Structure formats: C-alpha cells, structure tokens
Amino acid sequence: MTSRLSRLFLLAGLPLLLALVVPAAAGKPLPSRIEPTAGRITGLAFDGSRVVYGVQPNGSGVRTVHVWNVATGTGGVIHRHGGGAGFAVAGSRAAWIARGGSASETDEYLLTTSLPRVRLRQLAVAVRFTDSYSQVEHGRWLSGLVGSGNVIAVSSWTTASDGAVSSARLSLVGETRLRPIVVGQNAIVAESADAGRIAVVRSTAIWPGQFRLTGGPGSVGVYSTGGKLVSEVNRGTAKEAALSGNSLAVLTTANTIELYNATTGAFVRSWPVPAGAAHLDLQSGIAVYAVYPRSSPARKLHVLRLSTGKDVVIATGEAPYPYAQGDDAQIDELGLVYAQNIRTHGKLVFLPMARVLAKLHG
C-alpha cells in the first residue's frame, strides 16, 4: 500500500507565478468578483484575501486544489492530485485533506503549503476500512480542518468496528509537523478558528458516515492555542460553531443560532433559522449559513445581522457536491465568498463587505 500511496500523492512543489499577496489599496473598496471553474466546487476556505478551494472535474476522479485572491483576482492550481475533504487557509499558509482509496478503503492525507510559492508537505495520513456487511468505517480519521490569522488546526481520532472512539486529539498544523494541544474526545471535532482560539463541537455520540464523521449534538469548547479551555457553552444541542473576535455563534438542533461571549461563555441571545441550516460562519456581527432542502440539490445562502436580527437570502442555486465535505461559503473582513455550481461547472463569487451590508439594509 505504501508504494501506491507514494505514487498517488507525490509531494512535488508547484510554483505559482501569480501575485497572490497584493492587498487592496487603502481606503479603496474592492469590486465584486466571479471566478469560473472547470468543474464542481467541493468546498472552500477564506481568510484575509485568499480563498483555497477544491474542484471536481466532470467525469473525472482527479480533484484539484486552487487558490484565488479576491483583492487581485489572480489565482491558480496548487495541487493536482486530490482534495475536497476539508480546507483551511491562514495568512500565507494553506492546508487541505486529500482523499483517495476504494469502496472498501479510504485514504486521507493532510497536506500543507506556504503561499504564493507552493512547497507541499504531507503531515499526516489516515486510513480506514469499510465493513462489507454493516458499511461502518473503522480506522483513522482526519477532519475539522480550520484556519484563521496564523493558526491552522485539525482534529484526528480512531474508531473501532463497534464505533468506539480512541486516540482523539486537537492539533495545531505547523509547517513541518502536527502539535497536539488537546487530547480526548473533547478534542473533536474542530469547527472554527479566530483570534488565536479554536472552537470544538464535542459530540455526545460519534459514528462514521459516508463523507464525514457525524455525531449527536453536544457542547462547544473554546480553546487557546496552548490547549487551555477558555469557555464552554451550549450543553446538548450544538451542531456547529463559528468564532469571530469575542463572539461565538452556535447552530443548534432546535433550528436556532445562539450567540455567546467567547471568553466568559455568557449567553447573549438567539435567532430562529430554517430547518436544514448548515455551514455556519461569522464575521463582524454577520452570520452566514446555508439551507439545503431535503429532496433537492438547491441551496439558499442566508446572511443574518446579529445586532438587528435581520435575515436575508443573499444567493440561491445548486449546492457544491458533495456539499457534506466542506463549507461552501465563508465570510471575512473583506467580504463574503461563496460557491455556485451549475450542472457540471461552478464559480466562486466574492461580494465585498459593503455589498453584504447593502443587502441587509435593503
């Protein structure tokens, strides 16, 4: 198996000859931008001015990983051999989980690189097997890849054939290695990172799924990069969480978004959201989430202003496929980036923060 994996994921640096680090001119608003893709978008991560995202070409098993700079409109391919099970970007660093294998075996690889000059490193491998009778996957998992500022983190664990979890840990993703900071089941699964903190949704029950590990609702723990538990909120109904400064938003099983103080854990208030809400993100008092109807590939992308409770649909259309693998929209200080798939192709859309605010004021 080792030789096959080595051939499939040979880590050869791929230089990017594009200027991906030029910031927007001071005081000059950024324009809206659209980046077409030659396949369906499988997920994305957005931090600063960079977006890292995956593309699944139609009829091809070879997924590619790309970077796009919303300030300059430039971008390019940074990996041509897999990607789509999770993405993170933090400043001048990017990471993603590439996935391969077969019907009975899943192989995952955690890759990282600096930007704009690409120098790939493989930091971790996870292999698991699917029981032919029960269809339960058992073995090693990599998931919960998150990034912001100068921090990238990932959760990892092992499941037995009966679903028992062991060797769980939350690790910081460095340039050359992983550094565990929290161990035990409370370390899984990382959901968001911001301002040197990492939010983890601790599921009360965990079992393998086809594309990602899913679990029963639980609490949210906010950790420092030194592994200290800063706060803990929402005991029992949390599905997802998003950090922004001192604000912590939690998507619950009761179809609400709850807002907490990320340092003290104090509850602030909550808002109702439609059933099927997922992929929560938060920035500057604006929550972004998607709603997926049960029997349709359509997606409605919502923005919610926390100060007023105003909630508007900012985009509609097909969701990334398979959208369970990663976020399809994220918001940062510069604005909102979301994926839009149209049949066999897709596009990335960037709306500057001024446009997002105008939608909420309209």
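Our subject in this report is the structure included herewith. Just so you know, these numbers come straight off a predicted model, no measurement behind them.

Along the protein chain, the regular secondary structure elements total 2 helices and 29 strands. When each of the 362 residues of the protein chain is scored for burial, the buried share is 53%. Contacts spanning at least 24 positions in sequence make up 44% of the contacts within the protein chain whose residues lie at least 6 apart. When the accessible surface of the protein chain is totalled, it reaches about 15000 Å², and 53% of it is carbon and sulfur.

Below, the discussion takes up the sheet that holds strand S5 (residues 75-79). Pairing in this open sheet of 4 strands is antiparallel, and the strands run S2-S3-S4-S5 from one edge to the other. Edge strands, defined here as strands with exactly one partner in the open sheet, are strand S2 (40-47) and S5. Each neighbouring strand pair of the sheet contributes to a mean axis angle of 25°, computed without reference to strand direction. Note: strand S3 (residues 50-56) against strand S4 (residues 64-69), 6 bridges, orientation antiparallel. Counterpart to Tyr53 in the pairing with S4 is His66.

Scanning the entire structure with this criterion turns up 5 salt bridges. When the shortest N-O distance is used, the salt bridge between Arg128 and Glu108 registers 3.0 Å. Taken together, the positions of Arg128 in strand S9 (residues 121-130) and Glu108 in strand S8 (residues 105-114) put the pair 20 residues apart, joining distant regions of the chain. Accessibility assignment for this pair places Arg128 and Glu108 in one class, buried. The closest approach of N and O atoms between Arg299 and Asp328, which form a salt bridge, is 3.3 Å. Note that Arg299 is positioned in strand S25 (residues 298-305) and Asp328 in the loop between strand S26 (311-318) and strand S27 (329-332), a separation of 29 residues in sequence. Both residues of the pair, Arg299 and Asp328, belong to the buried class.

Of all hydrophobic cores here, the largest spans 19 residues; its most connected members are Leu301, Val303, Ile314, Leu336, Tyr338 and Val356. Going through the elements one at a time, strand S24 (286-291), S25, S26, S27, strand S28 (335-342), strand S29 (345-352) and helix H2 (353-361) are the ones with two or more residues in this core. When neighbours within four sequence positions are excluded, Ile314 is seen to be in contact with Leu301, Val303, Leu336, Leu351, Val356 and Lys359.

Next up on the list: the environment of Asp332. Structurally, Asp332 can be placed in strand S27. Distance in space between the C-alpha atoms of Asp332 and Met353 is 8.4 Å, their sequence separation being 21 residues. Apart from residues no more than four positions distant in its own chain, Asp332 is found in contact with Phe46, Asp47, Gly48, Gln283 and Met353. There is a polar contact of 3.1 Å between the side chain of Asp332 and the backbone nitrogen of Gly48.

The rules we used
- Residues numbered from 1 in each chain as written.
- Predicted model: local features only at pLDDT ≥ 70, side-chain atom pairs only at ≥ 80, totals over all residues.
- Heavy atoms only, no water.
- Helix = DSSP H or I, 4+ residues; strand = E, 2+ residues; numbered from the N terminus.
- Buried < 20%, exposed > 50% of the residue type's maximum accessible area, 1.4 Å probe, protein only.
- Contact = heavy atoms within 4.5 Å.
- Areas by Shrake-Rupley, 256 points an atom, 1.4 Å probe, with all protein chains shown as cover.
- Pairing = 2+ DSSP bridges.
- Axes fitted to C-alpha atoms, helices over the stretch in contact; angles between N-to-C directions.
- Salt bridge = Lys/Arg side-chain N within 4 Å of Asp/Glu carboxyl O.
- Core = buried A, V, L, I, M, F, W, Y, C linked by side-chain atoms within 4.5 Å.
- Polar contact = N/O pair within 3.5 Å; in protein donor to acceptor, adjacent residues only side chain to side chain.

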